[in-house]
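# Commentary on secondary and tertiary structure
Residue strings, one per chain:
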Amino acid sequence: MPEVSCYHCGLPIPDELHLSVDIGGESRGMCCYGCQAVAQSIVENGLEDYYRSRDSLPESPREAMPAILEQLAMFDHADFQKSFVKALGETEREASLLLEGITCSACIWLNEQHVGKLPGVTAVDINYATRRARVRWDESRIKLSDILRAIAAIGYRAYPYDASKNEEISRKERREAMWRLWVAGFGMMQVMMYAIPVYMANGDMTADIESMMRWASLLLTIPVVFYSSAPFFKNAWRDIKLKRVGMDVPVALGVGAAFIASCWATLVHQGDVYFDSVSMFVFFLLGGRYLEMTARQKALSVTEALAKLLPAFAQKLPNFPVDRNTEQCVVADLRPGDRVLVRAGEIVPADGRVVEGISCANEALLTGESKPVSKAPGDTVTGGSINAESPLVVEIELVGESTRLSAIINLMERAALEKPKIVELADRIASYFVGALLVVAVLVAVGWYLVDPSQALWITVSVLVVTCPCALSLATPIALTVAAGALAKDGLLVTRGHAIETLARATHFVFDKTGTLTTGEMHLVDVGICGELDREQCLNIAAALEQSSEHPVAAALRKGVSGDLPLAQSVLSEPGQGIEATIKGQRYRIGRPDYAMKMAAGELPASLAAWLDSGDTVVVLANQQGCLALFRIGDEVRPESALLVKELLVAGKHVVLLSGDAPSVARRVGTALGIDDVRAGVTPQGKHDCVIALQNDGAVVAMIGDGVNDAPVLAQAQVSIAMGSGAQLARTQSDFVLLSENLDHLRWGLRRAALTLRVIRQNLWWSFAYNVVALPLAIAGLVPPWLAGIGMSASSLLVVLNSLRIQRAEKD
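Residues numbered from 1 in each chain as written. Predicted model: local features only at pLDDT ≥ 70, side-chain atom pairs only at ≥ 80, totals over all residues. Heavy atoms only, no water.

### Observations regarding helix α22 (residues 552-559)
Val553, Ala554, Ala556 and Leu557 are the residues of α22 that are buried. What you see down the axis of α22 is that its buried residues fit within an arc of 160°, all on one side. Where α22 is buried, its residues touch β19 (518-529), α21 (535-545), β22 (586-591), β23 (617-623) and β24 (626-637). (Buried < 20%, exposed > 50% of the residue type's maximum accessible area, 1.4 Å probe, protein only. Helix = DSSP H or I, 4+ residues; strand = E, 2+ residues; numbered from the N terminus. Arc of directions from axis to C-beta. Contact = heavy atoms within 4.5 Å.)

### Topic: the sheet that holds strand β15 (residues 386-387)
With antiparallel pairing, the 3 strands of this open sheet are ordered in space as β13-β12-β15. On the outer flanks of this sheet lie β13 (373-375) and β15, each paired with one strand and no other. Note: strand β12 (residues 359-362) against β13, 3 bridges, orientation antiparallel. Counterpart to Ser359 in the pairing with β13 is Lys375. (Pairing = 2+ DSSP bridges.)

### Here we look at the nonpolar core
Counting 49 residues, the largest nonpolar core has Leu503, Phe509, Phe736 and Leu746 as the members making the most contacts within it. Sort the elements by how many residues they give to this core and helix α30 (residues 743-779) lands first, with 9 residues. Core analysis: the next-biggest nonpolar cluster, separate from the first, contains 41 residues, Ala184, Ala252, Leu286 and Trp458 among them. (Core = buried A, V, L, I, M, F, W, Y, C linked by side-chain atoms within 4.5 Å.)

### Digging into the sheet that holds β23
An order of β19-β24-β23-β22-β21-β20 is seen for the 6 strands of this open sheet, with the pairing classed as antiparallel. The outermost strands of the open sheet, each flanked by one partner alone, are β19 and β20 (569-574). Geometrically, the sheet is characterised by an average inter-axis angle of 20° between neighbouring strands, direction not taken into account. Relative to β24, β23 is paired through 7 bridges, and the arrangement is antiparallel. Note on β24: the bridge partner recorded for Ala622 is Cys627. Against the sheet, α21 engages β19, β21 (578-583), β22, β23 and β24, with an angle of about 125° to β19. (Axes fitted to C-alpha atoms, helices over the stretch in contact; angles between N-to-C directions.)

### Focus: the packing of aromatic side chains
Taken as a whole and judged by the stated rule, the model has 5 aromatic pairs. Ring geometry for Trp179 against Trp182: centres 6.0 Å apart, planes inclined by 75°, an arrangement best described as edge-to-face. With Trp179 and Trp182 both in helix α7 (residues 163-201) and 3 residues apart, the pair spans about one turn of that helix. Considering the side-chain rings of Phe259 and Phe275, the 6.1 Å spacing of their centres and the 70° angle between planes classify their relative orientation as edge-to-face. A residue pair is termed long-range when its members are at least 10 positions apart, and Phe259 in helix α10 (residues 248-268) and Phe275 in helix α11 (residues 275-299) qualify at 16 residues. In this pair, the class of Phe259 matches that of Phe275, namely buried. The rings of Trp179, Trp182 and Phe186 are connected pair by pair, giving a single aromatic cluster. Just above the ring of Tyr227 sits the side chain of Arg180; from NZ or CZ to the centre is 4.8 Å. (Phe/Tyr/Trp six-rings, centres within 6.5 Å; stacked < 30°, edge-to-face > 60°. Lys NZ or Arg CZ within 6 Å of the ring centre and 35° of its normal.)

Structure (structure tokens):
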């Protein structure tokens, strides 16, 4: 039998509401979202004893705001804060929060200004697209509950960020928006049924029939104004109380003035009514906002999918390899060294290494690489990837915040919460524009009242509505949000708010060599034959000699050989020098030139001796008759590097290769890729100074690197890109992380960044052009209120649809 009263506060549960929380193994009914949120937090933090030991029931959030504020004190509890608060110093804390009630960029501004002025709050950043807030505060001066109270006091609700909670709030927003839109649409159609006959009669309708039509229209418009338009009035009233002007103020003034005037005209049987215009305007405005909200939530799907990627439970193997009995455990309870069974189709619960089994993993969401990656014993697996084929036994190595997935999510959160200068500029312009709009509306009302009082009201309403700068406030953040999601899907992770805009404006691209343009792995560059044996025979002998060695040079030699190798006997290995062994009765040496040539008669051929100065690793194969072959081992150039460099050069960008390697090695790579500006033998400080010199000449520098020694120069460049497998310090200093390590994805990302900047400019130009054209037309009386509503909604919708083009940027 369903519960009739709330388990948390004891109040009756509304019939239409079905909310519950699992407490003590039983599903307990809740009367409102506030009780559900508090009860869920109590359970998740292991404080269920509260319900067994309490001697009174708390008040409900839906019954009294003071009760909400009292319950917020729970968020000061250390156990509550574990999942969403980070300690940055002895007393400084940072929380990731989710805000409910955000409707426009003015809401963002209000919360940032209001919370930012609290004593003890050191920083607050809110992202319009994601509704997420990052708040930093000094715990010795202010408590988290005080910050949440301040947010609640201006009409918003803040929750600890949680992916499922965010999804719940998004569903709630969509459901409420759809209901308000439906009521407005139904009211508009019904009002038009009464308004059209009056227009068609053109004054020939009798007074009593026309009065009946007006009263019917009034009754049908009431739900549109008081239900569908409620958010406009609520937000406008809040702004007025706080002595500021938000974007809902002109909308509320327009709707309210037209409705009140129409009601008065209906009561006194004199003057025009605008019930049809009011209902149409509200319907079109709500329709535009609903489509904008849907597009925004769709653009965030990649980020939210990452946040929900890890499973809740894992199959632990406590006695492996003695037996294979599994026990289910919570993923959060896994520790390094634990063994888990990951069946085919299941998600890897944490970062680890394969102990048993052969399969492949789908890492598309993590790296943007659509092809499954083969996994065998000894290979690493990443938490969040999907085991595609066969069961794997995985030994856990990293858990919690240490995992690769957590690092990705943290970097994405950092980017989402940083506000680029171009967004701040647009927000400031929009806030000033609203104030100027109200002044213009007053002047228009006075002017038209003196010229033609019968026209003054609806023209003023049109001016208020048609020029509301919603499109201007959306122009930049929606484009950047769509771009960040699309780039993440391709494996290029945005970690700073300004990154996309700056990458599109970069004039100089500076590449590190090792691990960036090259793979960072040894491979066979060339073979020089100087004896009687051919290339294939020399490679077979070299691979046989190096068959048991784990050295990277040995691995590079073995890569170039296929088929069975001859047997090496009487093997002698001299560390740091080379290997000597007998193959088919002949004694051979391979290793450093001086070591190998001690066995041989004669010297290295002059034509090949120059290789020793190339900067690559040179290995000599010799026997007692003399030198047989020289093997040149070097770093392998990534196959996609040439296309990236070519595209940059065609686009007019200046490409620089900056390397600490020997000049001959760097020049070889530069020549192979078509890079003219090659600077070799450069120290970490030299790289830093080189970038500063370019910047002093006016360059906008994009730096691409991967090592610890690249961290200072990555930080110095205006925009930086780190390879996904590079050092952690390099990743944290960069503005992008190329998770896939595929330079094609960077090439596509450059195209997408350029498209994003074009879209932002188009959006801004459209927003300004629309207002420049619409305002004079509205002042002249050429735009009725219903058309003003369509114009305003269409301008915002056009900005959103134009931004969605970024998802379809050309690849190859």
